[in-house]
Amino acid sequence: MAKYEYWLTPEGLLLIEAWARDGLTDEQIAHNLGVAYSTLRVWRDKYSALSAALKRGKEVIDIQVENALLKRALGYQYKEVKTEEYETEDGPGKRVTTTVKEVAPDTTAQIFWLKNRRPEVWREKQNVELSGEVKTTNPYEGLTTEELKKLIHNG
């Protein structure tokens with residue numbers, strides 16, 4: 001069996017998809033396959049099943065990261081549960097305290113989101129168009145090469 005054949009089986013493709021879903025880069029996946037990154041690129045281009053497995057795995061993690069970025073950009077609340085054990089006359093006791101905590105919206109996450117989702121409004125590079133013409137005056141216009149050389153040498 002050639003090296004690539006195992007990776008085209010359902011088990012091999014599932015493993016490749018799982019590595020992609022776990023956030024491994026193509027270079028890391030190639031290392032796990034025991035091949036060079038260039039070989040993985042060739043296989044990916046040649047075998048649609050392998051390409052699809054990589055794509056499926058990456059889509060899952062990309063969506064999770066997008067959701068986490070959006071959550072961080074908007075801010076969120078979460079519950080923190082704290083359990084305290086203590087001693088009483090009647091024996092050990094337990095107190096559970098639930099506190100609602102708030103994470104403030106993150107400006108950096110907001111900027112990143114907006115620059116990528118609405119670049120026409122939020123990109124830093126602005127395109128400025130100039131209409132009309134720019135006129136310049138050249139005090140040496142009309143002088144011959146000899147006259148210019150004479151000016152250079154005479155200061």
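Here the structure is a predicted model, which means the values were calculated and not measured.

*Asks:* Run through the packing of helix α3 (residues 26–33) against helix α4 (residues 37–46), naming residues and quoting values.
*Replies:* For the pair α3 and α4, the least separation of the axes is 8 Å and the interaxial angle reads 95 degrees. Considered as vectors, α3 and α4 are oriented roughly perpendicular to each other. Contacts from Asp26, Glu27, Ile29, Ala30 and Leu33 in α3 reach Tyr37, Leu40, Trp43 and Arg44 in α4. Within the contact of α3 with α4, the residues separate by chemical class into six nonpolar, no polar and three charged.

*Asks:* Describe the nonpolar core, naming the residues involved and giving the relevant values.
*Replies:* Within the largest apolar cluster, 15 residues are counted, with the highest numbers of intra-cluster contacts made by Ile16, Ile29, Leu33, Trp43 and Leu50. For this core, the elements supplying multiple residues, two or more each, are α2 (10–21), α3, α4 and α5 (48–74). Considering every element that reaches this core, the biggest residue donor is α2, with four residues. Filtering out sequence-adjacent residues up to four positions away, Ile29 remains in contact with Ile16, Trp19, Ala20, Leu24, Leu40 and Leu54.

*Asks:* An account of the pattern of salt bridges is needed here, citing residue identities and associated values.
*Replies:* In the structure shown here, the tally under the stated rule is nine salt bridges. The salt bridge partner of Asp45 is Arg44, with a shortest N-O separation of 3.9 Å. Residue classification places Asp45 among the exposed positions, given a relative accessible area of 63%. Among the salt bridges present, the one from Arg118 reaches Glu120, with a minimum N-O distance of 3.9 Å. On the basis of relative accessible area, Glu120 is assigned to the exposed category, the value being 53%. One network of salt bridges, in which partners are shared, links Asp26, Arg44, Asp45 and Lys58.

*Asks:* Give a detailed account of a nonpolar patch on the surface, specifying residues and quantitative values.
*Replies:* On the surface, Tyr140, Leu143, Leu148 and Leu151 cluster together to form a nonpolar patch covering roughly 340 Å² of accessible area. Structurally, Leu143 can be placed in the loop between α7 (119–122) and α8 (145–154).

*Asks:* Could you give an account of the environment of Thr108, with specific residues and numbers?
*Replies:* Along the polypeptide, Thr108 turns up in helix α6 (residues 107–117). Taking the relative accessible area as the measure of exposure, Thr108 reaches 60% and is therefore exposed. Spatially, the C-alpha atom of Thr108 lies 18 Å from that of Lys125, the residues being 17 residues apart in sequence.

*Asks:* Could you give an account of the environment of Arg44, naming the residues involved and the relevant values?
*Replies:* With respect to the secondary-structure elements, Arg44 resides in helix α4. What makes Arg44 partly exposed here is its relative accessible area of 24%. For the pair Arg44 and Leu54, spaced ten residues apart in the sequence, the C-alpha separation amounts to 8.5 Å. Those residues in contact with Arg44 that lie beyond four places of it in its chain are Asp26, Leu50, Ser51 and Leu54.

*Asks:* Can you tell me about the side chain of Asp26, naming the residues and giving the values?
*Replies:* Considering the arrangement of structural elements, one finds Asp26 in helix α3. If we skip the residues at most four places from it in the chain, Asp26 touches Tyr37, Leu40, Arg44, Leu54 and Lys58.

*Asks:* Kindly report on the packing of aromatic side chains, identifying the contributing residues and their values.
*Replies:* Here the structure, examined in full by the defined rule, presents five aromatic pairs. One aromatic cluster is present, formed by Tyr4, Trp43 and Tyr47 through successive ring pairs. Lys71 extends its terminal NZ or CZ atom over the ring of Tyr76, reaching a point 4.5 Å from the ring centre. Above the plane of the ring of Tyr86 lies Arg95, whose end atom (NZ or CZ) is 4.9 Å from the centre.

About the thresholds
- Residues numbered from 1 in each chain as written.
- Predicted model: local features only at pLDDT ≥ 70, side-chain atom pairs only at ≥ 80, totals over all residues.
- Heavy atoms only, no water.
- Axes fitted to C-alpha atoms, helices over the stretch in contact; angles between N-to-C directions.
- Helix = DSSP H or I, 4+ residues; strand = E, 2+ residues; numbered from the N terminus.
- Parallel < 35°, antiparallel > 145°, perpendicular 65-115°, else oblique.
- Contact = heavy atoms within 4.5 Å.
- Nonpolar A, V, L, I, M, F, W, Y, C, P; charged D, E, K, R; others polar.
- Core = buried A, V, L, I, M, F, W, Y, C linked by side-chain atoms within 4.5 Å.
- Buried < 20%, exposed > 50% of the residue type's maximum accessible area, 1.4 Å probe, protein only.
- Salt bridge = Lys/Arg side-chain N within 4 Å of Asp/Glu carboxyl O.
- Patch = residues over 30% accessible without salt bridge, like charges linked within 9 Å, V, L, I, M, F, W, Y side chains within 5 Å.
- Areas by Shrake-Rupley, 256 points an atom, 1.4 Å probe, with all protein chains shown as cover.
- Phe/Tyr/Trp six-rings, centres within 6.5 Å; stacked < 30°, edge-to-face > 60°.
- Lys NZ or Arg CZ within 6 Å of the ring centre and 35° of its normal.

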